[in-house]
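Examining the three-dimensional arrangement
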Number of protein chains: 2
Amino acid sequence: MFSAVDPTAPGAAVDPALSARRQETRNRLLDAAAEVFTEEGLQGATVEQVCSRAGFTRGAFYSNFSSKEELFLATLQHQYQRRATQLTQRAESLLPHLQSCAEPLQPAEVAGYVQEFLSPLEAESAWFALETEFMLLAMRDPELAPPGFAGFLDSLKGELAEVVEKLVDAAGRRFVLPVERALAAFDGLYDRSARLAAISGGSAHVGAEDLGERITELLFVLTEEVQGN
Amino acid sequence: MFSAVDPTAPGAAVDPALSARRQETRNRLLDAAAEVFTEEGLQGATVEQVCSRAGFTRGAFYSNFSSKEELFLATLQHQYQRRATQLTQRAESLLPHLQSCAEPLQPAEVAGYVQEFLSPLEAESAWFALETEFMLLAMRDPELAPPGFAGFLDSLKGELAEVVEKLVDAAGRRFVLPVERALAAFDGLYDRSARLAAISGGSAHVGAEDLGERITELLFVLTEEVQGN
DNA sequence: GCGTTCCGATACACCGATGTATCGGAACGT
DNA sequence: ACGTTCCGATACATCGGTGTATCGGAACGC
């Protein structure tokens, strides 16, 4: 579990040992679960809600999962894989552009790339709720947290670090502190933005553009121009 | 609600309209609630748990509060006031030191102050759980979030900004970007640290010292030496 | 086409949490 | 001391969610 990024198409972890029918109902349950857990929270959601949203009864559920917690963990993994493949895809579509340009990127261009990279991320605020819910679960019941989870996160961070470093490089700059520290700052800014957006609701919403600007700003402060060569 | 920081002694919002006996049971319930909500979560906690921890039965509860949600909001406010007064006290005990020193602070000294300021904060990871729980509640049910809450947070941030700016000033430095942006970065780093600590549990725990170091590091990167005068 | 296997639906028993209505006693004023 | 008021305990009715055991039918192999 959480051992590696499944490179299959987004949203269908295929286990050949399971019949097609079973796969289908599992996936429908998993998708419904993501919605319901997001809306109601782990503890607030009921098995019944998930099932009816997926168009099943509880009979189907207990035939596929043994408890709500197991379903939650499975849902989390499912969504994480979605997310990981999205990240990878965006990274791969971005890297060639960065490699190809001979001229150092203009600040505005850098900002553009940051925006572009961030925008689809912002759309799914749903994800943030799930992740937060998981964090609380892990706080209260450390046993329940899948062992490989932290490592899984790290691999995502590593991938991200690679892209960011390429971007900074293409702008003719370099970090004035270790990359992972810089990444931590960006990550913190992102988390915080999500938190604030959540708390202040629709009003005073710090939008994606704003986050992009702030990250770009920080990016320039955390880097210095590399002496021409 | 959340309109201002109550400057009374930590942990007892005194409402003269209530009898002493009632105040006492309210406070006991509020304290128990903070523990139970932290351990079990808002939805996971039961009224019964809170009451028995406080040494009451549910009769006492329904005589003082009308629902679990109301209790939760009251608990949050209670704890926020605790926290605000702590912050203020620490700020006030720190400011004189900063004002008095004629020499620019050495980096190590700055680090020391940061550590000192952070350490008591780290101790109460309980707080983090409560705040997160509230955030999720507000996400799902924006109506429930007290209107003044965001403003209340801002006032805390403002207070913090003041101290940080004084510290930077005493070190003979100044921020290279707007203070509130820098604060956002620190805040993000702090939140992120708390999140990670929560997820990875005891192992791989990014301790308070570590957080302090990183914040100090960032603080120096985000500031520049002010030209001697 | 028929039997077997698989899988989801239905029905049921159980439990824990909620909220209310009532009771008993402590505190307080006179 | 007595009566009144206040406040928390007790008891009860109710409800919603859970998990299991059983049933019915679709899918698949031969």
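Residue numbers here run from 1 along each chain, matching the order of that chain's written sequence. A letter from A marks each chain and a number from 1 marks each ligand, given out in the order of writing. A pLDDT threshold of at least 70 governs which residues receive local features in this predicted model, and a stricter bar of 80 or more applies before side-chain atom pairs are shown or counted, although totals over entire chains, interfaces and linings include all residues.

**Concerning the protein's contact with DNA strand C**
Condition: In this entry, near means the residue's backbone-placed C-beta atom lies within 6 Å of the molecule or strand. Secondary structure elements follow DSSP: runs of H or I of four or more residues count as helices, runs of E of two or more count as strands, with numbering from the N terminus. Residues were grouped as follows: Ala, Val, Leu, Ile, Met, Phe, Trp, Tyr, Cys and Pro as nonpolar; Asp, Glu, Lys and Arg as charged; and all remaining residues, including Gly, as polar.
What surrounds DNA strand C is a group of 19 residues, the closest being Thr25(A), Thr57(A), Gly59(A), Ala60(A) and Val47(B). Of all the secondary structure elements, the ones that give two or more residues to the surface near DNA strand C are helix H1 (20-40) and helix H3 (58-64) of chain A together with helix H2 (47-54) and helix H3 (58-64) of chain B. No other element matches the five residues that H3(A) contributes to the surface near DNA strand C. Its residues placed into classes, the surface near DNA strand C shows four nonpolar, nine polar and six charged.

**Some words on the environment of Thr57(A)**
All names here are of chain A. Condition: Burial is judged by counting the other C-beta atoms within 10 Å of a residue's own C-beta: 20 or more makes it buried, 12 or fewer makes it exposed, and any count in between marks it as partly exposed, with every C-beta position built from the backbone.
With respect to the secondary-structure elements, threonine 57 resides in the loop between helix H2 (47-54) and H3. What makes threonine 57 exposed here is the crowd of 11 C-beta atoms within 10 Å. Here the alpha-carbon distance between threonine 57 and valine 47, two residues 10 residues apart in the chain, equals 9.2 Å.

**Quick notes on the relation of the copies chain A and chain B**
What counts here: The atoms used to superpose the copies are C-alpha atoms, taken from residues with pLDDT of at least 70 in both, and the fit is least squares. Whether two residues are in contact depends on their C-beta atoms, placed from the backbone: they are in contact if these lie within 7 Å.
Superposing chain A onto chain B takes a rotation of 180 degrees combined with a translation of 0.0 Å along the rotation axis, leaving an RMSD of 0.0 Å. This pairing of chains is accounted for by a two-fold axis. Among all residues of chain A, the one whose C-alpha sits closest to the rotation axis is Gly188(A), at a distance of 1.9 Å. Both copies present the same face, since 100% of the interface residues in chain A are matched by interface residues at the equivalent positions in chain B.

**Side note on the interface of chain A and chain B**
Often, the extent of an interface is quoted as the loss of accessible area upon association of its parts. On the chain B side, the residues contacting the 37 residues of chain A number 37 residues. Contributions of two or more residues to the side of chain A that touches chain B are made by helix H6 (125-140), helix H7 (149-170), helix H8 (179-199) and helix H9 (208-221) of chain A. Tallied by class, the residues present in the side of chain A that touches chain B amount to 20 nonpolar, seven polar and 10 charged.

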